[in-house]
Amino acid sequence: MNRLALHWQILIGMIVGAAIGITLNVSKGTREHSVSTDELPSGLSSLEFADSPSLIRISYQRDDGSPIVEIVIDGTRKTEGALTTVEQLKEHDKDAARWFHQYGRSPARRVGDASKRLGGLFLRLLRMVAVPLIVTSLLTGVTGLGHAGRLGKMFGRTLTYYLATSMIAITIGVFMVNVVRPGLQDNVAPAKNVVTDADQTLGELLFAQLETMIPSNPFAALADSSFLSIISFTLAFGIFAVIVGGRTLEIIREFFDAAFDVMMALTMAIIKLAPFGVLFLMTYVTATQGPAVFKSLFWYMLTVLLALGCHALIVLPAILHFIAKKNPLHFAQAMSPALLTAFSSASSNGTLPLTMACVEKRAGVSNRVSSFVLPLGATINMDGTALYEAVAVLFISQMYHGAVLPLDQQIVVALTALLASVGAAGIPHAGLVMMVIILQAVNLPVEMQGIILAVDRVLDMCRTSVNVWSDSCGCAVVARLEARGSAGSVEGKPSIEGEV
Ligand code: ASP
C-alpha cells in the first residue's frame, strides 16, 4: 500500500486536531460550576468557577470567615490586575490551581490539557535527540573538510559568506516581525509585562552569551543541554581534529559519521510521529483558545514568507549578480531540481547529493569548491532557518508578553538565532528543535512552541529551499573569489596559506 507522504500526514493531523479542538471549544468551551457542600474541599465554605476560552473566574471562601477570594485569568490581557495564563495560577495560588484542575475546567479544557500532555511526549522526543544530533551533525560537517590544507583561504571566504548572508537574513526577519507584529494582531493591550533580565545592559547580556560559549565543563554542558556551549565546544573540537589530521582525524570522522547516521535514523523515526504530535498539540491549542489562534498564525506565516521571499528573491540574487557575476535567473534554473527537492523533502542534508550535482553539472562550479562549500553549508549555513528562528521567537514573545521585546533582547534573539542555525542539522524540523536555545536565552516557556508547530512543516519546506539556495549561491561566490584570488596558483590545488 502506498503511504501518504509525511507532509500530507502532518497536514491531515493538523486539520483533524484543529477540527476536534474548535468543535470542542465552541460547543463545550464554557462551564459554570458551583461546588456542592458535600463535595467542598475541607476548610472551604464556598467554591465557584466560570471557565470560558478567554476568561476564567475562580472564587472561594475559607470557613474561618475570611473574605471571599476572587481570581481572574484573562488570556486577552484586558482585565486590569488579572493573571494571563493557567500556569501563572499555579505560582499565584497553589490550592486554587488544584481545585480548578479538579472541579472547574470545561470539557474542552479537560481534553485540551490531556492533548497537551500527549503532544508534549512528541516534543520531549525531539528534545531527546537534540544534543547528540547537533554534536554528530556538526562534527560530520567540520571533519568532512578533509586535511588541514583545505582549511585555507577558502575556509575564511566561505565562513564570511555564511555569516554575512545569515545576518542579513536575520535582520530582514527581525525587521519584518517588527513591522507586521504578527503576535499582536489579535491583541490590542498596551505594552506591558515584558520581562527583561532586570536592567541588564546589552553589553552584559552579550558578554554572558560569550561566557556560555566557553563552557568550563563541556560534559556538564552536554548534561544540561546548554546548546550554545555544546555548539562552540563541538566546533572547536572538530576544527582541531582537522588540524591534528592523519589517523586521528580518520578515527574521529568515522566514529561521528556512523553516530550521525544513527542519530539521523532515530530522528527520522521520531519525525514520523509528527502527525500525531501535531494532532494533539493542535487539539490543545484550539480546544483551549478557540479559532482566534488562527488569525495570529496567519500573520505569523505571512511574516515568515515575506521575509524569506525578500532574502531569496532580492538579497541572494543581488549577491549572485554583483559578486559572483552570474545571471540569477539562469543560476536558479540550473539549481531548480535541488531547490524543488529541498522544498518537498525539507532536508538540506537529504538534498545535498543533488545540490552538488546541480552546482557542478548544471551551473559549472568546480568540484574543488562545491565539495568544500556545500557539505559544510548543509550543516552550518542556514539563512532560511536563521531568519525563521528569529521571526518565530519574536512572534512567540509578542504573544506571550503582549508587547514587542525591547531592542537589547531582540539583539540577543538575533545573535542566538545565528548560532542556532549553525547548530541545526539539515533535516526536517531541526530548526524547531534548535529554537529551544533562543527561547531559553530570552526566558520564554518552551511549551509556547506548541502554537507554531502546526504550521512548521509548510514553513520548513520554504526555509529549507532558502537554505539550499543560499548554499548554492555561496558556491558561486566562493568559486568566483577563488578564481580571482588564486589566478596563477596551481589549478586543482587549494591555496593553503590560510587563516586557520
Ligand atoms: N529543515 C531544514 C533544513 O534541512 C532545517 C530546519 O528545520 O530549519 O535545512
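Throughout what follows, the structure given in this document is the object of discussion. (Residues numbered from 1 in each chain as written. Predicted model: local features only at pLDDT ≥ 70, side-chain atom pairs only at ≥ 80, totals over all residues. Heavy atoms only, no water.)

A closer look at the overall build of the protein
- Regarding its fold elements, the protein presents 19 helices and four strands.
- Looking at the protein as a whole, 52% of its 500 residues are labelled buried.
- Counted over contacts in the protein with a minimum sequence separation of 6, partners at least 24 positions apart contribute 76%.
- Roughly 22,000 Å² of accessible area belongs to the protein as shown, and the carbon and sulfur atoms make up 64% of that amount. (Helix = DSSP H or I, 4+ residues; strand = E, 2+ residues; numbered from the N terminus. Buried < 20%, exposed > 50% of the residue type's maximum accessible area, 1.4 Å probe, protein only. Contact = heavy atoms within 4.5 Å. Areas by Shrake-Rupley, 256 points an atom, 1.4 Å probe, with all protein chains shown as cover.)

Some details on the sheet that holds strand β2 (residues 44-51)
- Pairing is antiparallel across the open sheet formed by four strands, whose spatial order is β1-β2-β3-β4. Strands at the two margins of the open sheet, each flanked by one partner only, are β1 (31-34) and β4 (69-74). Between one strand axis and the next, the sheet turns through 5° on average, direction left out of account.
- Here strand β3 (residues 55-62) pairs with β4 via six bridges, running antiparallel. (Pairing = 2+ DSSP bridges. Axes fitted to C-alpha atoms, helices over the stretch in contact; angles between N-to-C directions.)

Things to note about helix α3 (residues 94-104)
- The complete set of buried residues in α3 reads A96, A97, W99, F100, Y103 and G104. End-on, the buried residues of α3 take up no more than an arc of 165°, which puts them together on one face.
- Looking at the packing, one finds that the buried side of α3 touches β1, β2, β3, β4, α2 (86-92) and α4 (107-143).
- Backbone nitrogen of D95 and a side-chain oxygen of the N-cap are separated by 3.3 Å at the start of α3; the cap is D93. (Arc of directions from axis to C-beta. Polar contact = N/O pair within 3.5 Å; in protein donor to acceptor, adjacent residues only side chain to side chain.)

Some words on the site of the ligand
- What surrounds the ligand is a group of 16 residues, the closest being S348, T385, G431, D460 and R463.
- T464 is positioned such that a nitrogen or oxygen atom in its side chain is 3.1 Å from a nitrogen atom of the ligand.
- Between the ligand and the protein, one listed contact pairs an oxygen atom with a side-chain N or O atom of N467 at 2.9 Å.
- When isolated, the ligand has an accessible area of 270 Å², and the protein chains bury 100% of it.
- Among the elements that make up the shell around the ligand, the one with the highest residue count is helix α19 (residues 456-485) (four residues). (Near = heavy atom within 4 Å.)

With respect to the environment of S27
- On the secondary structure map, S27 appears in helix α1 (residues 6-28).
- Distance in space between the C-alpha atoms of S27 and A108 is 8.3 Å, their sequence separation being 81 residues.

As for the pattern of salt bridges
- Applying the stated criterion across every chain, the model contains eight salt bridges.
- A salt bridge links R463 to D460, with the nearest nitrogen and oxygen atoms 3.4 Å apart. Highlighted residues: R463 and D460, both in helix α19, separated by three residues, approximately one helical turn. We note that R463, like D460, is buried.
- Each of R62, D95 and R98 takes part in a single network of salt bridges with overlapping partners. (Salt bridge = Lys/Arg side-chain N within 4 Å of Asp/Glu carboxyl O.)

What about the side chain of H311?
- Inspection of the secondary structure puts H311 in helix α11 (residues 292-322).
- With a relative accessible area of 0%, H311 lands in the buried category.

With respect to the packing of α4 against helix α10 (residues 274-289)
- Where α4 meets α10, the axes come as close as 7 Å, and the angle between the chain directions of the two elements is 150°. Considered as vectors, α4 and α10 are oriented roughly antiparallel to each other. When the axes of α4 and α10 are compared, the crossing they make is left-handed. Between α4 and α10, the contacting residues are A108, R109, V111, G112, D113, S115, K116, L118, G119, G120, F122 and L123 on the first element and A274, G277, F280, L281, T283, Y284, A287 and T288 on the second.
- Within the contact of α4 with α10, the residues separate by chemical class into 10 nonpolar, seven polar and three charged. (Parallel < 35°, antiparallel > 145°, perpendicular 65-115°, else oblique. Left-handed = near helix turned anticlockwise from the far one by under 90°. Nonpolar A, V, L, I, M, F, W, Y, C, P; charged D, E, K, R; others polar.)

Here we look at the environment of F100
- On the secondary structure map, F100 appears in helix α3.
- Exposure remark for F100: the relative accessible area of 2% places this residue in the buried category.
- Taking the C-alpha atoms as reference points, F100 and A50, 50 residues apart in sequence, are found 9.8 Å from one another.
- Ignoring anything within four residues of it in the chain, the contact list for F100 reads F49, D51, I56, I58, V86, L89, R105 and R109.

Points about the packing of aromatic side chains
- In this structure the tally under the stated criterion is eight aromatic pairs.
- Residues Y60 and W99 carry aromatic rings whose centres are separated by 5.1 Å and whose planes lie at 75° to one another, so their mutual orientation is edge-to-face. Taken together, the residues Y60 in strand β3 and W99 in helix α3 connect sequence positions 39 residues apart.
- Between F255 and F256, the aromatic rings sit 5.0 Å apart at their centres with planes inclined by 85°, giving edge-to-face as the arrangement. (Phe/Tyr/Trp six-rings, centres within 6.5 Å; stacked < 30°, edge-to-face > 60°.)

Comments concerning the side chain of T288
- Looking at where T288 falls in the secondary structure, it is placed in helix α10.
- Judged by its relative accessible area of 8%, T288 is buried.
- Polar contacts involving the side chain of T288 include one to the main-chain carbonyl oxygen of Y284, which spans 2.6 Å.
- When neighbours within four sequence positions are excluded, T288 is seen to be in contact with N25, P53, R109, G112, D113 and T283.

Focus on the nonpolar core
- Grouped together as the largest cluster of nonpolar side chains are 122 residues, with contacts concentrated most on Y300, Y388, M435, I452 and W469.
- By residue number, the principal contributor to this core is α4, which donates 12 residues.
- When sequence neighbours within four positions are dropped, the list of residues in contact with I452 reads L297, Y300, Y388, A392, F395, I396, L432 and M435. (Core = buried A, V, L, I, M, F, W, Y, C linked by side-chain atoms within 4.5 Å.)

Spatial relationships are all this shows, so hold off on functional conclusions.
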